[in-house]
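Here's the letter readout for the chains.
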Amino acid sequence: MRFQGTLDIAAPRERVWAFVTDPKAVSACAPDVQSIEVLEPSHFKLVVRAGVGPIRATFNLDVVFTELTPPARAKVRARGQAPGSAVEMTNTLELSEGTPGRTTMAWSSDVNVSGMIAQMGARLMQGTADKMTQQVFACIQSTLEAAEP
């Protein structure tokens, strides 16, 4: 599955960059994060509960920033497993300065889910994943716009 979008954020690019490259800050915007362990600034582990409808599982994710070009571009790869299911995700963020004090974030997310969750919830998975992705980016935008400059 592929998702993409663009956000216009009322915050300077450096502040947006600092937020989106901070694992603890970004994970606060992800639904159902059970725990986060930062191993080093570009590598962390997440435990996330996810699923489709009544089919839910707890995924242990290994997350790595595979590309960091401050303050313009970041690429993140997440791989993880839950009993009977697996997920692999690659997210790319590109930040550009808009009008003064504003940042344009172009993002894309490629997600591959396999196993029981994919088989049982195939019909609902695209809509559920799209909804979750939209929630994460809406949270990032609202958190940054509410923050003090």
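Here's a quick rundown of the structure. This is a predicted model, so every value here is computed, not measured. (Residues numbered from 1 in each chain as written. Predicted model: local features only at pLDDT ≥ 70, side-chain atom pairs only at ≥ 80, totals over all residues. Heavy atoms only, no water.)

Here we look at the side chain of Thr 103
Note that Thr 103 resides in strand 7 (residues 103-115). The exposure class of Thr 103 is buried, given its relative accessible area of 0%. One polar contact links the side chain of Thr 103 to the main-chain carbonyl oxygen of Ala 11, over a distance of 2.6 Å. Apart from the residues within four sequence positions on either side, Thr 103 is in contact with Leu 7, Asp 8, Ile 9, Ala 11, Pro 12, Arg 13, Val 16, Leu 95, Ser 96 and Gly 98. (Helix = DSSP H or I, 4+ residues; strand = E, 2+ residues; numbered from the N terminus. Buried < 20%, exposed > 50% of the residue type's maximum accessible area, 1.4 Å probe, protein only. Polar contact = N/O pair within 3.5 Å; in protein donor to acceptor, adjacent residues only side chain to side chain. Contact = heavy atoms within 4.5 Å.)

Some points on the pattern of salt bridges
For the structure on display, the rule yields seven salt bridges. The residue Asp 110 makes a salt bridge to Arg 2 at a minimum N-O spacing of 2.7 Å. Taken as a pair, Asp 110 in strand 7 and Arg 2 in strand 1 (residues 2-9) lie far apart in primary sequence, 108 residues in all. Asp 110 gets classed as partly exposed once you look at its relative accessible area, which sits at 31%. Ionic pairing is found between Arg 73 and Glu 67, a salt bridge with its closest N-O pair at 2.7 Å. Residues participating in the shared-partner salt-bridge network are Glu 67, Arg 73 and Glu 94. (Salt bridge = Lys/Arg side-chain N within 4 Å of Asp/Glu carboxyl O.)

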